[in-house]
Amino acid sequence: MNELRVLTWNIMRGENLRRVIKHVKDVHPDVWLAQEIQPKHHRLLEQKTGMRCYPAPRTANSINDNAIFVRERDDSPLVVEDVFEHPLNGWHPPANVTLVDERFRTEHGARPLSLVSHHLCYFSPDRRLAEAEWLTTLAKPGWLAFIGGDFNSYPASEAPTDETWAEVLAGDHADRAFYTNRTLLFGERRISDVRPHSTLTSAGFVDLALWARDRMGQPFAAEPTAGHMNSVRQGGQWRIDWNFASRELAPAVLDVVVGEEMKHVSDHLPIVTRLDLDAVLESMLPALSGSLDAQA
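Below is a short write-up of the structure.

The rules behind each value
Residues numbered from 1 in each chain as written. Predicted model: local features only at pLDDT ≥ 70, side-chain atom pairs only at ≥ 80, totals over all residues. Heavy atoms only, no water. Helix = DSSP H or I, 4+ residues; strand = E, 2+ residues; numbered from the N terminus. Rg over C-alpha atoms; globule rule 2.2 N^0.38 Å. Buried < 20%, exposed > 50% of the residue type's maximum accessible area, 1.4 Å probe, protein only. Contact = heavy atoms within 4.5 Å. Core = buried A, V, L, I, M, F, W, Y, C linked by side-chain atoms within 4.5 Å. Pairing = 2+ DSSP bridges. Axes fitted to C-alpha atoms, helices over the stretch in contact; angles between N-to-C directions. Parallel < 35°, antiparallel > 145°, perpendicular 65-115°, else oblique. Left-handed = near helix turned anticlockwise from the far one by under 90°. 1 Å grid on protein atoms, 1.4 Å probe; cavity = no way out; pocket = protein on both sides within 12 Å on 5 of 7 lines; lining within 4 Å. Points joined across faces, edges and corners; volume = space filled by probe spheres on them. Nonpolar A, V, L, I, M, F, W, Y, C, P; charged D, E, K, R; others polar.

1. Quick look at the overall build of the protein chain
Stage number 1. Per the secondary structure count, the protein chain includes 9 helices and 14 strands.
Stage number 2. In terms of C-alpha radius of gyration, the protein chain reaches 19 Å, essentially the compact-globule figure of 19 Å for 296 residues.
Stage number 3. Along the three orthogonal principal directions, the C-alpha set of the protein chain runs to about 65 × 40 × 40 Å.
Stage number 4. When the 296 residues of the protein chain are sorted by exposure, 56% land in the buried category.
Stage number 5. Looking at the protein chain alone, contacts between residues at least 24 apart form 69% of all its contacts between residues at least 6 apart.

2. Concerning the nonpolar core
Across soluble globular proteins, nonpolar side chains show a tendency to be buried alongside one another.
Stage number 1. If you look at the biggest cluster of nonpolar residues, it comprises 33 residues, and the most contacted ones within it are Ile68, Leu113, Leu115, Phe146, Leu275 and Val280.
Stage number 2. If we ignore the near neighbours within four places in the chain, the residues touching Leu275 are Asn2, Glu3, Leu4, Val6, Phe146, Leu249, Ala252, Val253, Leu254 and Val280.

3. Section: the sheet that holds strand β2 (residues 31-37)
Stage number 1. Taken together, 6 strands build an open sheet; the order of strands is β3-β4-β2-β1-β14-β13 and the sheet is mixed. Two strands lie at the open edges of the sheet, namely β3 (52-55) and β13 (253-258), each paired on one side alone. The mean angle between the axes of side-by-side strands here comes to 20 degrees, regardless of whether they run parallel or antiparallel.
Stage number 2. In this structure, β2 lies alongside strand β4 (residues 65-70), joined through 5 bridges in antiparallel fashion. What sits directly across from Trp32, in β4, is Phe69.
Stage number 3. Contacts from helix α1 (residues 17-27) reach β1 (3-10), β2 and β14 (271-276), with the element oriented near 165 degrees to β1.
Stage number 4. Its contacts with the sheet put helix α2 (residues 42-49) on β2, β3 and β4, and the angle it makes with β3 is roughly 150 degrees.

4. Observations concerning the packing of α1 against α2
Stage number 1. At a minimum axis distance of 10 Å, the contact between α1 and α2 shows a crossing angle of 40 degrees. One finds that α1 runs oblique with respect to α2. Relative to α2, α1 is oriented so that their crossing is right-handed. Residues Leu17, Ile21, Val24 and Lys25 of α1 lie in contact with α2, whose contacting residues are Leu44, Leu45, Lys48 and Thr49.

5. Observations regarding the layout of surface pockets
Stage number 1. Here the largest pocket is characterised by a volume of approximately 430 Å³.
Stage number 2. Around the largest pocket, the lining is made up of 23 residues, and of these Glu36, Tyr122, Asn152, Arg182 and Asp267 lie nearest the centre.
Stage number 3. Contributions of two or more residues to the lining of the largest pocket are made by α5 (176-181) and α8 (231-234).
Stage number 4. Partitioning the lining of the largest pocket into residue classes produces 6 nonpolar, 11 polar and 6 charged.

As structure tokens, then:
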């Protein structure tokens, strides 16, 4: 079976870059949706991984950039068609490219697959919500998208409770800034921020970890991805790194694996999503209704 292998990973500014490179080489992904990539590491990561880097535009906000790395293979029908820049969208602007099936580029038009690597704002729930709402523009009828990244918030069914936050705030070294960053004011109390996840699912995207866990019998697909380096400060370990895809792509998923062995390399665990490439390509066949509108 032909596979499309997607790695999603926030590498903590490349602080353990040698071990990051080794893991990426071991996983050998076709696509890496990367977060906290330092500009000084772009070329080195390209050279060591054999993948081409498509970074998000630089801003004055931070050098913890998003990027998409693509393994450009002569035997793959998927090629990068367009690179989109969104310099004003997000505290960390998203990296965004489209892939097309080369066989349909000219003869029948092309139905592109949008790839997005995103890192939602760490300090503002309202900004995170706006960033998630922008992602819904890729959920238009007939569009295909695969979105991965660090969302700095929680799925509704997996969010910290009031009791958890009380424990976080009870310690001598309580991080009230972290508590404020990850919650929002609701009436006279603060509650965990679950709005980005609910926004994306409301738009029709599928959380692939939950798909693999609930539909495919893979209980470890939805393991926590962050909090392992500072569990006390963060109130435990939580799944804040997600992969979302258009519902049409969900049946192509073969498995979703969280890299528990990377706990000492980054404060986020890598996620490898394997898809049936033939099923992905079938989803990318040109829509019968005609060509798609230009990407927003």
